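# Examining the three-dimensional arrangement
Below are the chains, spelled out letter by letter.
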Amino acid sequence: MSPSLETATHPENLRRVAIDPVSRVEGHGKVTILLDEDNKVHQVRLHIVEFRGFEKFIQGRPYWEVPVMVQRLCGICPVSHHLAASKALDAIVGANHLTPTAEKMRRLMHYGQILQSHALHFFHLSSPDLLFGFDSEVSKRNIVGVAEIHPDTARRGVLLRKFGQEVIRHTAGKRIHGTGAVPGGVNKSLSIAERDELLKDIYQIVSWSRDAVHLIKQMHHQNPELYNSFGAFRANFMSMVGLDGGLDLYHGHLRGRDDSGNIMFDGVDYQNYTQLIAEEVKNWSYMKFPYLKSLGPEKGWYRVGPMSRIQNCDFISTPLAEVERRDFIAYSGVMPMHAPLGYHWARMIEMLHAAEMIKDLLHDTDITGSELMASGERGSEGVGVIEAPRGTLIHHYRVDENDLVTMCNLIVSTTHNNQAMNEAVRRVAQQYLHGHEITEGLLNHIEVAVRAFDPCLSCATHALGKMPLEVEVVNDAGERLSGLSRSSDGSVCHLN
Amino acid sequence: MVAPVLLFAIGNESRGDDALGPLLLRELNAYLVESGLSGQVELLEEYQLQIEHAIDMQERELVLFIDAGMDTEAPFTFSTAKANDVPMLYSHALAPEALLKVYTQLYQEKPPAVFILCIRGERFELGEGLSPQAEEHLELALAFSKKLLMNAEVDTWNGLLN
């Protein structure tokens with residue numbers, strides 16, 4: 001699995017194509033492609049301008065503020081940070097076992113987040129590519145275009161999102177800046193009225209989620225040549241699985257498999273993640289490259305996220321999602337699915353699982369219980385891991401005797417997938433950019449590969465006009481030969 | 001009963017001038033309580049605009065989105081938003097115009113009148129406070145917003161457009 005196309009032998013003689021930033025990916029990303037005179041690809045790199053100010057932002061703060069503060073790291077998955085931080089800080093207050101109500105409320109919040117995040121990604125960010133084609137008319141390749149041609153699909157996307165947000169609101173206490181999870185437990189349970197409000201809609205949500213799985217499964221079956229090969233590369237994969245080996249997005253231990261699906265490690269306590277994982281720095285990227293220490297950086301990189309989780313677990317506890325998991329595994333055959341578009345299918349299976357879990361939790365009497373907090377012997381260090389929508393999320397804190405955070409380390413899902421996303425981009429460049437002039441449709445193929453991972457680049461800033469997209473072809477002297485610019489209002493113009 | 005006016009602030013308070021929207025909303029909340037207008041106006045705040053926020057617009061007469069802008073003319077701009085087909089390709093967030101289109105598709109009806117108050121910001125890094133310029137812009141935007149709320153009618157707001 002030694003990365004090819006990472007570094008060209010003679011880059012000084014090559015043309016450079018830059019895509020900056022990758023559209024419909026949160027934050028800033030840039031793809032650079034070095035081509036020779038015959039448009040043959042020699043080097044492809046995905047540069048992600050990851051913000052690394054997390055630790056400074058958190059250090060020196062009282063630990064009990066952290067679960068609320070970390071939600072401001074990311075406007076896309078604040079609940080994931082909220083829960084991972086709370087899990088890590090449970091150790092500080094000695095809460096080794098939460099009350100049943102606390103654990104189930106946190107799970108309910110988490111499944112609400114999974115549901116709304118996966119719905120947004122599939123219906124809003126990816127369905128335009130999947131329904132219209134990767135090089136279809138750019139003016140229609142968006143959610144507005146989907147709404148015109150497939151109004152029911154677009155409508156369901158909106159309502160699934162809304163339901164997930166309502167679950168978060170009722171469990172976290174607010175639409176944003178929620179305080180539901182606290183070190184040692186939660187500060188509220190569901191009222192009967194809140195539970196009944198969610199129960200009214202949950203059966204429809206389960207049904208729509210199942211339909212979404214069937215929609216993406218049908219796409220795979222209708223066009224296996226594309227879906228099985230687009231950007232495909234072999235990789236190790238890792239995720240947390242439940243203590244019983246089943247899919248568990250909230251708690252468990254770490255398991256990893258090699259690219260043939262064989263288990264490499266299992267039952268690893270995530271408190272010891274530093275013994276398992278190291279991070280490599282490369283001089284051309286701001287984002288680190290995590291790898292398994294036992295295999296080293298060349299062979300030890302891995303994939304995380306829905307496609308890893310669905311193929312890493314032994315079963316799914318909810319019946320409808322388990323049927324779909326089996327279909328997914330059967331479709332893949334003896335070898336694991338490695339094609340990035342498989343992420344979409346796996347993501348929808350997880351959305352169905354989340355909907356079923358929400359249904360089950362709403363019928364559980366513990367969810368309206370009153371025992372919210374646990375405590376024990378105070379600790380000074382804790383690690384919290386959850387399977388966030390995009391993959392494994394690690395929060396690690398040390399706290400001093402004055403209750404202030406002295407050390408914070410976060411490894412977010414997108415960082416785990418750094419090498420894997422680079423590999424996907426290289427495969428697509430090899431498959432689709434050889435001998436072709438650069439067009440918007442071709443560049444979108446690159447972006448489709450990146451979007452399959454649903455990367456979130458930790459950018460919660462939403463300022464109007466902040467995200468232009470530029471594509472440039474420059475020669476070895478740095479002179480721009482041609483270029484395309486897509487402004488924040490969606491218009492495209494040629495650069496002189 | 002849905003309040004006829006919705007003020008919807010977008011921004012992250014921990015990212016410098018991106019806090020302009022939420023901070024203005026907080027000031028306006030106090031003003032609405034003082035002036036007895038609370039029942040007429042609902043205040044919502046989010047990090048980013050998303051497709052489900054079309055639902056929050058239903059049954060409103062007036063919607064005002066309040067956001068920070070990097071290239072906005074100082075101290076702020078006040079404009080109207082119309083549903084359009086302009087694709088928003090860039091992130092997990094939507095523009096008000098695209099949200100209006102989602103609304104139209106969702107409800108098959110004319111959306112409410114939507115306006116945008118965009119306050120110029122200068123810096124947007126995590127952990128930063130408001131820039132001095134943004135503080136000035138916030139003061140001016142607050143005075144302007146109060147004027148809007150005193151006359152919360154479409155025609156009046158149209159008369160105040162830049």
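Residues numbered from 1 in each chain as written. Chains lettered and ligands numbered in written order. Predicted model: local features only at pLDDT ≥ 70, side-chain atom pairs only at ≥ 80, totals over all residues. Heavy atoms only, no water.

## Description of the overall build of chain A
To keep things clear, this is the line we draw: The helix and strand labels rest on DSSP assignments: H or I over at least four residues marks a helix, E over at least two residues marks a strand, and numbering proceeds from the N terminus. The criterion used for residue contact is that any of the two residues' heavy atoms lie within 4.5 Å. With residues, only the protein chains shown are counted as cover, and all accessible areas are computed by Shrake-Rupley using a 1.4 Å probe.
Within chain A one finds 16 helices and 17 strands. Looking at chain A alone, contacts between residues at least 24 apart form 69% of all its contacts between residues at least 6 apart. Carbon and sulfur atoms provide 49% of the accessible area of chain A, an area that totals close to 17,300 Å².

## Here we look at the packing of helix α6 (residues 151-172) of chain A against helix α7 (residues 192-222) of chain A
Residues and elements named next belong to chain A. Heads up, the rule is: Angles shown run from 0 to 180 degrees and are taken between the N-to-C directions of axes, each axis being a line fitted to C-alpha atoms and, for helices, limited to the stretch in contact. It is the rotation of the near helix from the far one that decides the hand of a crossing: anticlockwise by less than a right angle makes it left-handed, clockwise makes it right-handed. Note on residue categories: nonpolar means Ala, Val, Leu, Ile, Met, Phe, Trp, Tyr, Cys or Pro, charged means Asp, Glu, Lys or Arg, and polar means any other residue, Gly included.
Close contact between α6 and α7 brings their axes to 10 Å; oriented N to C, the two are set at 145 degrees. Crossing geometry of α6 relative to α7 is assigned as left-handed. Residue-level inspection shows Arg155, Arg156, Leu159, Leu160, Phe163, Glu166, Val167, Arg169 and His170 of α6 in contact with α7, the latter providing Glu194, Glu197, Leu198, Asp201, Ile202, Ile205, Trp208, Ser209 and Asp211. Considering only residue class, the contact of α6 with α7 consists of eight nonpolar, two polar and eight charged.

## Quick look at the sheet that holds strand β7 (residues 253-257) of chain A
All names here are of chain A. Quick reminder of the rule: Strand pairing is defined by DSSP finding a minimum of two bridges between the two strands.
The strand order across the open sheet built from four strands is β8-β7-β6-β11, with neighbouring strands paired in mixed fashion. Of all strands in the sheet, those bounded by a partner on one side alone are β8 (263-268) and β11 (302-303). Pairing geometry for strand β6 (residues 236-241) and β7, over five bridges, is antiparallel. Of the residues in β7, the one forming a bridge with Met238 is Gly256.

## A closer look at the nonpolar core
Across soluble globular proteins, nonpolar side chains have a tendency to be buried as a group. We apply this condition: To qualify as a nonpolar core, a set must consist of buried Ala, Val, Leu, Ile, Met, Phe, Trp, Tyr and Cys residues joined through side-chain atoms within 4.5 Å. Think of it in three bands: with a 1.4 Å probe and only protein chains considered, a residue is buried below 20% of the maximum accessible area for its type, exposed above 50%, and partly exposed in between.
Counting residues in each nonpolar core, the largest one holds 112 residues, and the members touching the most others are Leu115(A), Ile358(A) and Tyr397(A). If we skip the residues at most four places from it in the chain, Leu115(A) touches Leu160(A), Phe163(A), Gly164(A), Ile205(A), Ser209(A), Met351(A), Ala354(A), Ala355(A) and Ile358(A).

## Observations concerning the packing of aromatic side chains
Describing an aromatic ring pair means giving the distance of the ring centres and the angle of the ring planes. So the rule is basically this: Aromatic pairs are defined between Phe, Tyr and Trp rings, using the six-membered ring for Trp, whenever the two ring centres lie within 6.5 Å; interplanar angles under 30 degrees are classed as stacked, those over 60 as edge-to-face, and all others as tilted.
Under the defined criterion, the tally for this structure stands at 15 aromatic pairs over all chains. With 5.5 Å between their ring centres and 75 degrees between their planes, Tyr63(A) and Trp64(A) make a pair best called edge-to-face. Taken together, a centroid distance of 5.4 Å and an interplanar angle of 10 degrees make the contact between Phe78(B) and Phe115(B) stacked. With Phe78(B) in strand β4 (residues 76-81) and Phe115(B) in strand β5 (residues 113-120), this pair connects stretches of sequence that are 37 residues apart. Here Phe78(B) and Phe115(B) have matching classes, each one buried.

## Topic: helix α4 (residues 100-132) of chain A
All names here are of chain A. As a reminder of what qualifies: Each helix should span, by expectation, one fewer than its residue count multiplied by 1.5 Å.
Helix length check: α4, at 33 residues, gives a terminal C-alpha distance of 46 Å against a target of 48 Å (1.5 Å per residue), a fit within 8%. Among the 33 residues in α4, 28 count as buried, and that is most of the element. Following α4 by one or two positions, Gly133 adopts a phi angle in the positive range, close to 105 degrees.

## What to know about the confidence of the model for chain B
All names here are of chain B. So the rule is basically this: pLDDT runs from 0 to 100 and stands for how confident the predictor is about each residue.
On average, chain B scores 90 in pLDDT, and the residues at 70 or more come to 94%. For chain B, the element scoring lowest by mean pLDDT is helix α3 (residues 96-107), at 86; helix α4 (residues 132-150) scores highest, at 97. Scoring of the predicted complex yields 0.90 for pTM and 0.86 for ipTM.

## Some words on the pattern of salt bridges
Where charged atoms from two side chains of opposite charge approach closely, those side chains can pair. Residue and element names in this part refer to chain A. Worth spelling out the cut-off: Put simply, a salt bridge is a Lys or Arg side-chain nitrogen that is within 4 Å of an Asp or Glu carboxyl oxygen.
Tallied over the entire structure, the rule returns 37 salt bridges over all chains. Note that Asp366 is salt-bridged to Lys104, the shortest N-O span being 2.6 Å. With Asp366 in the loop between α13 (342-362) and β12 (381-388) and Lys104 in helix α4, the pair connects residues that are 262 residues apart, well separated along the chain. The exposure class of Asp366 is partly exposed, given its relative accessible area of 26%. For Asp266, the salt bridge goes to Arg255, with nearest N and O atoms at 3.1 Å. Of this pair, Asp266 sits in strand β8 while Arg255 is found in strand β7, placing the two residues eleven residues apart along the sequence.

## Section: the environment of Tyr432(A)
All names here are of chain A. With respect to the helices and strands, the residue Tyr432 is situated in helix α15 (residues 418-432). In this structure the C-alpha to C-alpha distance between Tyr432 and Ile446, which are 14 residues apart in sequence, comes to 8.8 Å. Here Tyr432 is in contact with Leu226, Phe230, Leu442 and His445, once residues within four sequence places are set aside.

## A look at the sheet that holds β12(A)
All names here are of chain A. Spatially, β12-β13-β14 is the arrangement adopted by the three strands of the open sheet, whose pairing is antiparallel. Only two strands of the sheet have a single partner each, and these edge strands are β12 and β14 (405-411). Averaged over all pairs of adjacent strands, the angle between their axes in this sheet comes to 15 degrees, without regard to strand direction. Here strand β13 (residues 391-399) runs beside β14; their pairing, made up of six bridges, is antiparallel.

## Some points on the pairing of β7(A)
All names here are of chain A. By the criterion of burial, β7 is predominantly enclosed, with five of the five residues buried. Going residue by residue along β7, you find His253, Arg255 and Arg257 tucked away on one face and Leu254 and Gly256 tucked away on the opposite face as well. Note that β7 and β8 share three bridges and pair antiparallel. Bridging across to β8, Gly256 finds its partner in Phe265. Hairpin remark: β7 followed by β8, antiparallel, with five residues in the connecting loop; positive phi at Gly261, about 95 degrees.

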